[in-house]
Amino acid sequence: MGKQGSSKSPRPEPRDKQDKTGRRSLDSLTGSDLFIGRRISGSEVSKAYGSKHDGSSNKFSYSWKKQHSWLHRNYKSILLMISVTGFIFFMDAIMVSIFHSDRSSVVHDISRLSNVTLHKNGSSQDASPVQMYSRLLNLASNSLAENVFKPDAPNFREVTSSKSSQWKPCADNNNKAVALERSRETNNGYLMVSANGGLNQQRVAICNTVAVAALLNASLVLPGFLYSNVWKDPSQFGDIYQEERFIEYLKDEVHIVKDLPQHLQNIDNKNLSVVTDAELVKEAKPVDYIEHVLPLLKKYGMVHLFGYGNRLGFDPLPFDVQRLRCKCNFHALKFTPKIQEAGSLLVKRIRRSETRRGRLDEALLGESMAKDSDKRDREPLKYLALHLRFEEDMVAYSLCDFGGGETERKELQTYREDHFPLLLKRLEKSKSVSPEELRKTGKCPLTPEEATLVLAGLGFKRGTYIYLAGSQIYGGSSRMLPLTTLYPNLVTKETLLTPQELAPFKNFSSQLAALDFIACAASDMFAMTDSGSQLSSLVSGFRTYYGNGHAQTLRPNKKRLAAILSESETINWKSFENRVKKMVDEGYKVSLRPYGRSIYRQPKCPECMCKF
């Protein structure tokens, strides 16, 4: 050892001085520089290792204690940061699963609907998807994904009105029955009817016939249905409606028999008093029947209205006859127990509830569904019913363009030549209107893609259950792809009922249409895509009559929607939502039936309903 004080043997500094030096080097760093301080300290330790082992050890020990102290003080913040990061990754995984869901699930949803949505000749089954508004569909998809995580986002908007709920059903009020009862003493004969069309056209014809029988003071023979090559359904009145109830319910106003009396059947066989639709103007007035039909009725004792359809106007008509029309449609016509039971199964399975709700369910389903009880296991599932009027005949007749190119144009022209020769002759003599002008003026039926955009614009969530009514959709699964992709919870009577449960209705299109009628009328929200459809008109009227202001119907204004969609390449999604909501909200406005409009579709009038 060297002597003390020599250069070779420097005197060691006191330990407390070393500690102070180390403390100063750390304390001089700011809080944001702690990591750098640790890195520097580690470097110094490396350099000094072996030469000043003891001092360096102390420095390293102090630095570790300092780090441990910092970790101890901030461990909650670190855990929170890790949790937030994990949550972000979790959310990202869900978003990816929404936007890039497995293709097989979409194919499965479409295959379940194949028996309803596939083009009937199969030519479009494997066609590539036709999309007219790809940009808007992408925006809709983004919006639906965002709404998944918004628990407060409304799925079904309540648009009730105190004025609407003031109107109550009262067409079954028999105050006027006395006058009709007295007139029966001078009965003018028997009125036979053979109604054409499908279920809903026939329903209108039945109630129009009841009104005509009362107007002419005639006995009514239970209406018959003509067989149609389009509908191919041999069903008669008793296969769809309850005969005895119909006869009994209207007995005070109209005398109804099941068959024409024997002594008059020979006259009918000789077609001596047949009146066809061609001999009656559309929307005929009472005077037309009095001048043309009544003389034949008095002469032969019977008249046969053959191929009868929409041949009675709505105004002017005597108050009691108009009310009788409503009584027939909303009260006297009840589906057979077989149809009611199958309809109740549809409603139970989509609602996941066994009990009926209110007067609307009771009118549709009778006793086939249990009464609502005070004790409920859970709230019934809400659903929207959508009637897509996009069958091939509708598409071809419209003369519109639907983005399918030359293949579509040729296919639809061939269909017109085979099924609508009179339409083509009429077009030859009139000035042609371009498909663009037809769409601009709201004359084109909505495509499944357009219906999807409307639902998304109204804020219906991706998980919304949608009951799809109707038959074969033109373009098949490729046309349905936007709807089935954005709204995968799509069901039909074919997916809700087993083959065994559907078997009694096979090959009976009118009876199958009755199931659609029930499912649509009982829905929490009914969306129509074509206001001219008889099903849509009758269902919306039924919901107005029995819904007490709560049974909402979406009626897109096709002219206004066409204007909105014309900006599809530039409009932002928020603006699209606002304009679609405004368009639909205006359809909710309470109004009385305008003069001349259908009393079956708009029953809110003194002849049908009473204001309290």
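Just so it is clear, the model here is predicted, and its values are computed rather than measured.

Rules behind the numbers
- Residues numbered from 1 in each chain as written.
- Predicted model: local features only at pLDDT ≥ 70, side-chain atom pairs only at ≥ 80, totals over all residues.
- Heavy atoms only, no water.
- Helix = DSSP H or I, 4+ residues; strand = E, 2+ residues; numbered from the N terminus.
- Buried < 20%, exposed > 50% of the residue type's maximum accessible area, 1.4 Å probe, protein only.
- Contact = heavy atoms within 4.5 Å.
- Areas by Shrake-Rupley, 256 points an atom, 1.4 Å probe, with all protein chains shown as cover.
- Disulfide = S-S within 2.5 Å.
- Core = buried A, V, L, I, M, F, W, Y, C linked by side-chain atoms within 4.5 Å.

### Quick look at the overall build of the chain
Link 1 in the chain: When helices and strands are counted, the chain shows 29 helices and 13 strands.
Link 2 in the chain: Per-residue burial over the chain gives 46% buried out of 612 residues.
Link 3 in the chain: Long-range contacts, defined as pairs at least 24 residues apart, comprise 80% of the intrachain contacts of the chain with a sequence gap of at least 6.
Link 4 in the chain: Counting only carbon and sulfur atoms, one obtains 53% of the accessible surface of the chain, whose full area is about 31600 Å².

### A short note on the side chain of K348
Link 1 in the chain: Structurally, K348 is set in helix α16 (residues 337-351).
Link 2 in the chain: If we ignore the near neighbours within four places in the chain, the residues touching K348 are S353, E354, S368 and M369.

### With respect to the state of the cysteines
Link 1 in the chain: Here the structure, examined in full by the defined rule, presents four disulfides.
Link 2 in the chain: With its sulfur 2.0 Å from that of its partner, C170 forms a disulfide with C610. The sign of the S-S torsion, about 90°, decides the handedness of the disulfide formed by C170 and C610: right-handed. In this pair, C170 sits in the loop between β1 (167-169) and α8 (177-183) while C610 sits in strand β13 (residues 609-611), placing the two residues 440 residues apart along the sequence.
Link 3 in the chain: Two residues, C326 and C608, share a disulfide whose sulfurs are 1.5 Å apart. You can see C326 sitting in helix α15 (residues 319-332) and its partner C608 sitting in the loop between α29 (573-587) and β13, a full 282 residues away along the chain.
Link 4 in the chain: The closest cysteine sulfur to the non-disulfide-bonded C605 is located on C608, 4.5 Å from its own sulfur.

### As for unusual backbone geometry
Link 1 in the chain: That bond from D315 to P316 is cis: its omega, -5°, falls within 30 degrees of zero.
Link 2 in the chain: Here the phi dihedral of L399 falls at roughly 65°; this positive angle occurs in a residue that is not glycine.
Link 3 in the chain: Along the chain, the position of L399 falls in the loop between α18 (392-398) and α19 (405-419).
Link 4 in the chain: One non-glycine residue with positive phi stands out, namely N548, at about 55°.

### Digging into the nonpolar core
For soluble globular proteins, nonpolar side chains are generally found buried alongside one another.
Link 1 in the chain: Grouped together as the largest cluster of nonpolar side chains are 89 residues, with contacts concentrated most on F246 and Y467.
Link 2 in the chain: Core analysis: the second largest hydrophobic core is formed by 49 residues, L453, L490, M525 and I564 among them.

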